[in-house]
Amino acid sequence: MRLFWAAVGLVMVGFGGLGLVVPGLPATVFFLAAAWCFARSNERLERWLLAMPVVGGLVDDHRNGLGMARGAKRVAIGLMWTAGAISAAPG
């Protein structure tokens, strides 16, 4: 089972990496799922994920119950409104 969870975790990291570059595809959810899988399979992979510069902080904040940073919420909401306005624009 440990090998299974490690493999699923690596797939989740792959999807999360895609989510960082593909608009509309969430990234954080996949990295959280990967951390969950690695916690059940391989401590080294879990440490590797938590040591990632951008992703590690997000996962660690989620685990500590801190959620999303206020500045990140502002950016996300602004980008959603921008995407919605572009989509609704005539032409």
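Residues numbered from 1 in each chain as written. Predicted model: local features only at pLDDT ≥ 70, side-chain atom pairs only at ≥ 80, totals over all residues. Heavy atoms only, no water.

S.K.: What should I look at first to understand the overall build of the protein chain in this one?
M.R.: Of the regular secondary structure elements, the protein chain holds five helices and zero strands. Written out in order from the N terminus, the α and β elements of the protein chain read α-α-α-α-α. On C-alpha atoms alone, the protein chain measures out to a radius of gyration of 16 Å, which is more than a quarter above the 12 Å that the 2.2 N^0.38 rule sets for 91 residues. Projecting the C-alpha coordinates of the protein chain onto the three principal axes gives extents of approximately 50 × 25 × 20 Å. Taken across its 91 residues, the protein chain has 23% of its residues classed as buried. Residue pairs at least 24 apart in sequence account for 46% of intrachain contacts in the protein chain once pairs closer than 6 positions are excluded. Accessible area of the protein chain: about 6,500 Å², with a carbon and sulfur share of 69%. For the protein chain, the distance from the average position of its 8 positive side-chain charges to the average position of its 4 negative side-chain charges is 5 Å. (Helix = DSSP H or I, 4+ residues; strand = E, 2+ residues; numbered from the N terminus. Rg over C-alpha atoms; globule rule 2.2 N^0.38 Å. Buried < 20%, exposed > 50% of the residue type's maximum accessible area, 1.4 Å probe, protein only. Contact = heavy atoms within 4.5 Å. Areas by Shrake-Rupley, 256 points an atom, 1.4 Å probe, with all protein chains shown as cover. Lys, Arg positive; Asp, Glu negative; His and termini not counted. Charge placed at Lys NZ, Arg CZ, Asp CG, Glu CD.)

Everything listed is a geometric property; what it means functionally is a separate question.
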